[in-house]
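Summary of structural features
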Amino acid sequence: MSAATTRSRTPRTPDRLCVEAVDLARAAAEEAAFPGVVGEHVSAVAEGDRVVTHFFEAKEPGYRGWRWAVTVTRASRAKNVTLDETVLLPGEDALLAPEWVPWSERLRPGDMGPGDLLPTDAEDLRLEPGWSGEDAPPPNSVVSAEMAELVEAEDADVIDRAVVPVRGSITSVAEELGMRRARVLSRYGLHSAADRWDESFGAKTPMAQAAPASCVSCGFLVAIGGSLGQAFGVCANEFSPADGRLVSLSYGCGGHSEAAVMPAPLRPAPPVLDSMATDEFPLRPSADTGSVPTADLPAADLGHS
């Protein structure tokens with residue numbers, strides 16, 4: 001080990017005059033803050049040759065554990081100590097603000113409101129180009145950059161043929177398939193969306209665990225197109241907690257269309273009327289029935305004398 005390395009690792013000896021300049025350091029700290037908030041002298045640390053930093057307690061509300069750091073120095077062979085800088089620094093147990101997080105990482109689902117704009121990164125991994133580079137116009141096309149510069153000098157109009165795709169071109173096929181967009185979901189974007197939806201309405205949710213059957217056999221499931229249609233659909237049961245939501249085919253709830261089919265109510269038989277026979281209804285009770293003798297009954301009033 002060289003002598004230079006040994007000297008660099010040896011703790012510096014604080015300069016005596018700089019260490020004794022406590023009053024100068026305190027006055028500088030109080031000037032930067034105001035009297036009464038600079039506490040007791042904590043320590044003095046050597047920063048270099050004839051450079052010492054004095055630390056004072058900070059008594060400002062909300063700055064627990066912070067310290068006023070005042071650095072003083074003096075020139076070689078000089079006896080006057082001068083002020084270098086004054087700053088407020090956090091200590092080991094200081095109360096610090098949380099680490100700054102970019103807005104793109106702080107954003108959560110549901111944070112957007114009416115009128116808010118959410119820009120997407122040009123290199124967003126969830127998206128990929130909507131069509132291949134085969135649709136790029138050739139160099140001699142009227143929509144190429146080279147031809148645009150030439151016709152600009154001639155005050156001509158450049159016709160954008162991409163507005164009306166040529167029949168049979170890749171653009172026309174992409175438009176027919178619903179892919180004529182600047183960017184579409186990439187494989188990563190599809191998988192991340194599927195994982196997110198499966199977490200809310202998937203097979204591992206408590207509702208699905210207690211369901212009598214899964215959504216794949218439910219009559220209220222509305223199928224969707226694309227590759228996601230092989231694993232997801234839209235619930236159309238107004239009594240289901242997932243009504244109008246995208247649900248996994250392995251999800252389920254108690255509102256399954258075939259879980260409990262109610263039987264049709266029984267209809268009573270129509271009444272049968274017999275109009276071919278007559279029933280006898282006696283006006284007086286029979287003599288051998290009842291507890292009143294026949295002699296005690298009043299004479300019948302037939303309505304004539």
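Residues numbered from 1 in each chain as written. Predicted model: local features only at pLDDT ≥ 70, side-chain atom pairs only at ≥ 80, totals over all residues. Heavy atoms only, no water.

**A few points about the overall build of the protein**
In terms of regular secondary structure, the protein is built from eight helices and nine strands. Each of the 305 residues in the protein was classed as buried or not, and the buried ones make up 21%. Of the roughly 23,600 Å² that the protein leaves accessible, carbon and sulfur atoms contribute 56%. (Helix = DSSP H or I, 4+ residues; strand = E, 2+ residues; numbered from the N terminus. Buried < 20%, exposed > 50% of the residue type's maximum accessible area, 1.4 Å probe, protein only. Areas by Shrake-Rupley, 256 points an atom, 1.4 Å probe, with all protein chains shown as cover.)

**Focus: the nonpolar core**
Among the nonpolar cores identified, the biggest contains 14 residues, and Ala29, Val38, Phe56, Trp68, Val70 and Val72 are the most heavily contacted of them. Listing elements by their share of this core, those giving two or more residues are helix 3 (22-32), strand 2 (51-58) and strand 3 (66-73). Top element by residues in this core is strand 3. It accounts for four residues. Sequence-distant contacts of Val72, that is, excluding residues within four places in its chain, are made with Cys18, Leu24, Arg50, Val51, Val52, His54, Val81, Thr82, Leu83 and Asp84. In this structure, Phe201, Ala208, Cys235 and Ala242 belong to the second largest nonpolar core, which totals seven residues. (Core = buried A, V, L, I, M, F, W, Y, C linked by side-chain atoms within 4.5 Å. Contact = heavy atoms within 4.5 Å.)

**Side note on the packing of aromatic side chains**
The geometry of two aromatic rings is summed up by the distance between their centres and the angle between their planes. In total, this model carries three aromatic pairs according to the counting rule given. Relative to Trp66, the ring of Tyr63 has its centre 5.4 Å away and its plane inclined at 80 degrees; by these criteria the two rings are edge-to-face. Judged by relative accessible area, which is 19%, Trp66 ranks as buried. Ring plane angle 85 degrees and centroid distance 5.7 Å describe the contact between Trp197 and Phe232, whose orientation is recorded as edge-to-face. Here Trp197 is found in helix 7 (residues 187-200), whereas its partner Phe232 is found in strand 8 (residues 232-235), with 35 residues between them in sequence. Residue classification places Trp197 among the partly exposed residues on the basis of a relative accessible area of 27%. (Phe/Tyr/Trp six-rings, centres within 6.5 Å; stacked < 30°, edge-to-face > 60°.)

**Details of a nonpolar patch on the surface**
Side chains of Trp103, Leu107 and Met112 sit close together on the surface and give an oily, nonpolar patch of about 290 Å² of accessible area. Within the fold, Trp103 resides in helix 4 (residues 103-106). (Patch = residues over 30% accessible without salt bridge, like charges linked within 9 Å, V, L, I, M, F, W, Y side chains within 5 Å. Salt bridge = Lys/Arg side-chain N within 4 Å of Asp/Glu carboxyl O.)

**Re helix 3**
The set of residues buried in helix 3 consists of Ala25, Ala28 and Ala29. Down the axis of helix 3, the sector holding all buried residues measures 100 degrees, keeping them to one side. Facing away from the buried side of helix 3, by more than 90 degrees, are the exposed residues Asp23 and Glu31. Contacts made by the buried residues of helix 3 are with strand 1 (38-48), strand 2, strand 3 and strand 4 (82-90). (Arc of directions from axis to C-beta.)

**Comments concerning the confidence of the model for the protein**
Mean pLDDT over the protein: 77, with 70% of residues reaching 70 or higher. In this model residues 1-8 is a low-confidence stretch, pLDDT under 50, and it forms two contacts with partners more than four residues away in sequence or in other chains. Counting interchain partners and residues more than four positions distant, the pLDDT-below-50 stretch residues 156-162 has 11 contacts. (pLDDT = per-residue confidence, 0-100.)

**Looking at the sheet that holds strand 8**
Pairing within the open sheet is antiparallel, and its three strands lie in the order 7-8-9. Of all strands in the sheet, those bounded by a partner on one side alone are strand 7 (221-223) and strand 9 (246-248). Ignoring strand direction, the axes of neighbouring strands in this sheet form an average angle of 50 degrees. Relative to strand 9, strand 8 runs antiparallel, the two sharing three bridges. The residue bridging Val234 from the neighbouring strand is Leu246, located in strand 9. (Pairing = 2+ DSSP bridges. Axes fitted to C-alpha atoms, helices over the stretch in contact; angles between N-to-C directions.)

**Side note on the sheet that holds strand 4**
The four strands lie next to each other as 1-2-3-4, forming an open sheet whose pairing is antiparallel. If you trace the sheet from one side to the other, it starts and ends with strand 1 and strand 4, each paired once. Neighbour-to-neighbour, the strand axes of the sheet open up by a mean angle of 20 degrees, direction not taken into account. Bridge count for strand 2 against strand 3 is seven bridges, and the pairing is antiparallel. Each residue of the ladder has a partner; that of Val51, found in strand 3, is Thr73. Across the sheet, helix 3 is in contact with strand 1, strand 2, strand 3 and strand 4; its angle to strand 1 comes to roughly 115 degrees.

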